[in-house]
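Fold and geometry: a report
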Amino acid sequence: HIHLRPDGRGVDAMADYARAGGTHAMLVHSPYPMVPIRNADDFRSSYDITLRLAAAVNASQTAKVFVAVGPYPVLLLELVERHGLEKGVEIMREGMEIAQHHVLEGRATAIGEVGRPHFPVDDEIWEASNDILIYGMELAREASCPVILHTESATPGVMEELAGMADKAGLARDRVVKHYSPPLVEPDENHGLIPSVLASREAVRTALSKGGPFLMETDFLDDPSRPGAVMNINTVPKRTKALLASGSMTEEAAWKIHKELPEKVYGIAIEP
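Before going into details, it helps to say that this report is about the structure given with it. Just so it is clear, the structure is predicted and the values come from calculations on it, not from any experiment.

Turning our attention to the overall build of the chain. The number of helices and strands found in the chain is 10 helices and 7 strands. Over its C-alpha trace the chain gives a radius of gyration of 18 Å, about what one expects of a compact globule, namely 19 Å for 272 residues. In terms of its C-alpha atoms, the chain occupies a principal-axis envelope of roughly 55 × 40 × 35 Å. Burial analysis of the chain (272 residues in total) assigns 57% to the buried set. Put simply, 66% of the contacts in the chain that link residues at least 6 apart link residues at least 24 apart. Counting only carbon and sulfur atoms, one obtains 49% of the accessible surface of the chain, whose full area is about 11,800 Å².

Below, the structure written as structure tokens:
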């Protein structure tokens with residue numbers, strides 16, 4: 001789970017990833033300062049930037065990226081301020097529909113990152129965000145694709161609530177990826193959702209000790225003003241190699257984390 005920006009390092013960042021041993025990554029859409037979202041057509045323009053970045057990376061023959069696009073949940077607040085709640089929700093739903101179209105047309109693999117604000121908001125925003133998320137999950141079910149969730153900090157209770165939303169939408173729980181997750185890898189912790197664990201040493205070691213399925217991520221932002229945030233793009237391959245060398249991660253675990261589980265969740269083929 002990484003982000004790239006047209007004013008960031010882009011292909012050069014992916015070259016760093018490849019040099020560290022990375023072969024594939026999920027390029028996840030996030031808002032761009034140069035494209036403020038005021039209406040649904042702005043989502044089209046914003047998603048196009050992510051798709052162009054992906055095309056540039058994949059043409060560079062460094063490492064390959066798969067793509068997720070979707071309306072970043074915090075955008076609802078700005079849309080409501082500009083248009084009111086009803087119109088703001090309508091625009092966010094249209095953003096979900098455009099994302100689904102990209103999946104159906106084969107340009108994207110997943111809808112994401114979508115969800116709800118990661119900070120306290122008014123009840124009406126919270127409820128509207130949940131409704132938009134369930135709608136996105138319904139669209140994902142129709143498109144036979146996963147969703148990547150951005151929410152408040154995950155706890156077993158939060159995971160259970162989100163799992164219930166997936167059930168309501170008819171989307172299989174194992175097609176729901178919780179981005180920026182702590183090591184909630186046991187079934188009674190994640191309730192069937194897929195934790196994408198931030199690749200700190202402590203978190204990954206904890207996840208490995210529990211033995212459950214999980215993904216690893218950096219949430220690399222490619223922000224020129226914050227180099228290396230949230231974690232440097234090459235952290236996942238470097239950490240994996242270090243854990244393998246120390247015996248903390250087995251070859252079997254590495255295979256499951258970096259090939260078997262991503263292929264199952266995202267419906268993709270990862271060639272070593």
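Glancing now at the nonpolar core. One finds Leu4, Met14, Ile111 and Met137 to be the most contacted residues of the largest nonpolar core, which totals 65 residues. It is helix H5 (residues 123-143) that provides the largest number of residues to this core, a total of 10 residues. Residues contacting Leu4, with those up to four places away along its chain left out, are Gly10, Ala13, Met14, Leu27, Tyr32, Leu53, Val57, Phe220 and Asp222.

Take unusual backbone geometry next. Gly112 connects to Glu113 through a cis peptide bond whose omega is -5°. We note that His191 has phi near 55°; this positive angle belongs to a residue other than glycine. Position of His191 among the secondary structure elements: in the loop between helix H7 (187-190) and strand S6 (194-198).

With 5 of 5 residues buried, S6 lies mostly within the body of the structure. Judged by which residues are buried, S6 turns out to be covered on both faces: Ile194, Ser196 and Leu198 on one side and Pro195 and Val197 on the other are all buried. Pairing of strand S5 (residues 176-181) with S6 involves 3 bridges; the strand directions are parallel. Opposite Lys178, over in S6, you have Pro195 as the bridge partner. For S6 and strand S7 (residues 215-217), the ladder comprises 3 bridges, and the chain directions are parallel. Following the sheet pairing, Leu198 is matched in S7 by Glu217. Where the polypeptide runs from S6 across helix H8 (residues 201-210) and back to S7, its parallel neighbour, the crossover connection is right-handed.

Here the focus is helix H6 (residues 156-169). Over its 14 residues, H6 extends 20 Å from the first C-alpha to the last, a length consistent with the 20 Å expected when each residue adds 1.5 Å. Among the structural elements, H5, strand S4 (147-150), S5 and H7 are those in contact with the buried residues of H6. Following H6 by one or two positions, Gly170 adopts a phi angle in the positive range, close to 80°.

The next subject is the pattern of salt bridges. Applying the stated criterion to the full structure yields 13 salt bridges. Among the salt bridges present, the one from Asp223 reaches Arg5, with a minimum N-O distance of 3.9 Å. With Asp223 in the loop between S7 and helix H9 (235-246) and Arg5 in the segment before helix H1 (11-19), this residue pair connects regions lying 218 residues apart in the sequence. Assessed through its relative accessible area of 16%, Arg5 is described here as buried. The closest approach of N and O atoms between Arg19 and Asp16, which form a salt bridge, is 2.3 Å.

Criteria and cut-off values
The numbering scheme is per chain: residues are counted from 1 as the chain's sequence reads. Only residues with pLDDT of at least 70 get local features here, since the model is predicted, and only at 80 or more are side-chain atom pairs given and counted; chain-wide, interface and lining totals rely on the full set of residues. Note that water and hydrogens are dropped before the side-chain values are worked out from all heavy atoms of the structure. Strands here mean DSSP runs of E at least two residues long; helices mean DSSP runs of H or I at least four residues long; both are numbered from the N terminus. We compute the radius of gyration from the C-alpha atoms alone; for a globule the expected value is 2.2 Å times N to the 0.38, where N is the number of residues. Relative accessibility thresholds used throughout: buried, under 20% of the residue-type maximum; exposed, over 50%; partly exposed, between the two (1.4 Å probe, protein chains only). Whether two residues touch is decided by their heavy atoms; if any such pair falls within 4.5 Å, the residues are in contact. Surface accessibility follows the Shrake-Rupley procedure with a 1.4 Å probe radius. Residue values consider only the protein chains on display as shielding. Buried Ala, Val, Leu, Ile, Met, Phe, Trp, Tyr and Cys residues form a nonpolar core when they are joined through side-chain atoms within 4.5 Å. Following DSSP output, two strands are said to pair if at least two bridges run between them. Look down the strands so they point away from you; if going from the first strand over the helix to the second traces a clockwise path, that crossover is right-handed. A helix's residues, less one, multiplied by 1.5 Å, set its expected span. The rule for a salt bridge is simple: a side-chain nitrogen of Lys or Arg has to be within 4 Å of a carboxyl oxygen of Asp or Glu.

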